[in-house]
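# Observations on the model geometry
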Amino acid sequence: MELAFLKIDSGSPNIEEVKDLFETAFPEDERPPFEMTLSFKGSDFFAIYENKAFIGLADLVIYGETVYLFFFAIKEELRGKGYGSHVLQELFRRFPNKRVFLLAEEIDGDYEDLPLRKRRIGFYERNGFVLSDTRIKEFGVDYRLLYHGGVVDKNDFLATMRSILDEEIFKAFYSNI
C-alpha cells in the first residue's frame, strides 16, 4: 500500500471531499469550523491518497520534538480494512525521532457511545499508542491524551496548541486546564 500525503489549503482542487469527510467524521461539538482549521499557523492539513484514490485526512502540528495528530479520519467505507493502521505506521516512519500524540474521547464515565470510544482507544493502543492519565477538555468535550515514541504530557499539549492559536483563542479554549 503506497500512500501519498497531499497538503491542502482552501484553494486545493480536492477541498470539497476533504471538507465532507472532516464534517462527517467529527461531531460538530468536537471540531472547529473547517476553514478555521485550515488557517491555523503551524498546522499542516493533508488529504491522504492510495493510488490516487482519496482515503482520508490528517491534520498534523509539528512542534519541537512532537507531532500532534490533531485530526485523523479514514473514509467510512474504508474503515476496518487496515488503512488507519497503515497511515499511522507511515507517520511513525516519517517522524522516527519525534513523539506522536493525539486526543481521544474520554472513556471513564457513563457515555452513550462508550463502546465506540473504547474501540477508538483500542485501535490506537493496537498501533503502539499509550493511553495516559492526562485529561484535556476541548470544545467542551473531555479527552484523554495518547502518545507514541515517548511520554507526552499536558504541558507538551498546551505548548503545541499555543504554537498554532492566537493567544486570545488559546485562553478561551484552555484557561481551565
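This section reports on the structure supplied with the text. Throughout this document, residue positions are counted from 1 along each chain, in the order its sequence is written. Local features in this predicted model are restricted to residues of pLDDT 70 or higher, and side-chain atom pairs are both shown and tallied only at a pLDDT of 80 or more, whereas totals for entire chains, interfaces and linings draw on every residue. The side-chain quantities take in all heavy atoms of the structure and omit both hydrogens and water.

## A short note on the overall build of the protein chain
Put simply, the rule is: The helix and strand labels rest on DSSP assignments: H or I over at least four residues marks a helix, E over at least two residues marks a strand, and numbering proceeds from the N terminus. A radius of gyration in this sense is built from C-alpha atoms; the matching globule rule multiplies 2.2 Å by the number of residues raised to 0.38. Residue contacts are defined here by distance: any two heavy atoms, one from each residue, within 4.5 Å place the two residues in contact. Note on areas: Shrake-Rupley with a 1.4 Å probe; residue coverage comes only from the protein chains shown. Charge convention: Lys and Arg are scored as positive, Asp and Glu as negative, and His as well as the terminal groups of each chain are ignored. Charged side chains are reduced to one point each, which is NZ for Lys, CZ for Arg, CG for Asp and CD for Glu.
Across its full length, the protein chain holds six helices and seven strands. When the elements of the protein chain are put in sequence order from the N terminus, they spell out β-α-α-β-β-β-α-β-α-β-β-α-α. The C-alpha radius of gyration computed for the protein chain amounts to 15 Å, which stays within 12% of the reference 16 Å derived for 177 residues, consistent with globular compactness. With respect to the three principal axes, the spread of C-alpha positions in the protein chain is 45 × 35 × 35 Å. Contacts spanning at least 24 positions in sequence make up 58% of the contacts within the protein chain whose residues lie at least 6 apart. Total accessible area on the protein chain stands at roughly 9,200 Å², and carbon and sulfur atoms take up 48% of it. Across the protein chain, 23 positive and 32 negative side-chain charges occur, with their mean positions spaced 3 Å apart.

## Side note on the nonpolar core
Defined as follows: In plain words, nonpolar cores are sets of buried Ala, Val, Leu, Ile, Met, Phe, Trp, Tyr and Cys residues tied together by side-chain atoms within 4.5 Å. Each residue is placed in one exposure class: buried if its accessible area under a 1.4 Å probe, protein chains only, is under 20% of its type's maximum, exposed if it is over 50%, and partly exposed if it falls in between.
In terms of nonpolar packing, the biggest core is built from 34 residues, with V18, L57, Y68, F70, F157, M161 and Y174 touching the most fellow members. Broken down by secondary-structure element, the contributors of at least two residues to this core are helix 1 (15–25), strand 2 (43–50), strand 3 (53–63), strand 4 (66–74), strand 5 (99–105), strand 7 (141–148), helix 5 (154–164) and helix 6 (167–174). Counting residues per element, this core draws most heavily on helix 1, which supplies five residues. Those residues in contact with L57 that sit more than four places away from it in its chain are V18, L21, F22, F26, F45, F46, I48, F71, F72 and A73. With 27 residues, the next largest nonpolar core counts F5, A58, I74 and Y124 among its residues.

## So, the pattern of salt bridges
Note that side chains of opposite charge can pair when their charged atoms are close. What counts is decided by this rule: We define a salt bridge as a contact between a side-chain nitrogen of Lys or Arg and a carboxyl oxygen of Asp or Glu at a distance within 4 Å.
Taken as a whole and assessed by the stated rule, the structure comprises 15 salt bridges. Taking the shortest distance from any N to any O, the salt bridge between D156 and R99 comes out at 3.3 Å. Placement of D156 in helix 5 and of R99 in strand 5 is noted, with a sequence separation of 57 residues between them. Given the relative accessible area of 21%, D156 is considered partly exposed. Across the pair R135 and D108 runs a salt bridge whose closest N-O atoms are separated by 2.7 Å. With a gap of 27 residues between them, R135 in strand 6 (residues 130–138) and D108 in the loop between strand 5 and helix 4 (114–126) connect regions that are remote in the sequence. Overall, R135 belongs to the partly exposed group, its relative accessible area being 38%. One salt-bridge network, in which partners are shared between bridges, spans E106, D108, D133, R135 and R144.

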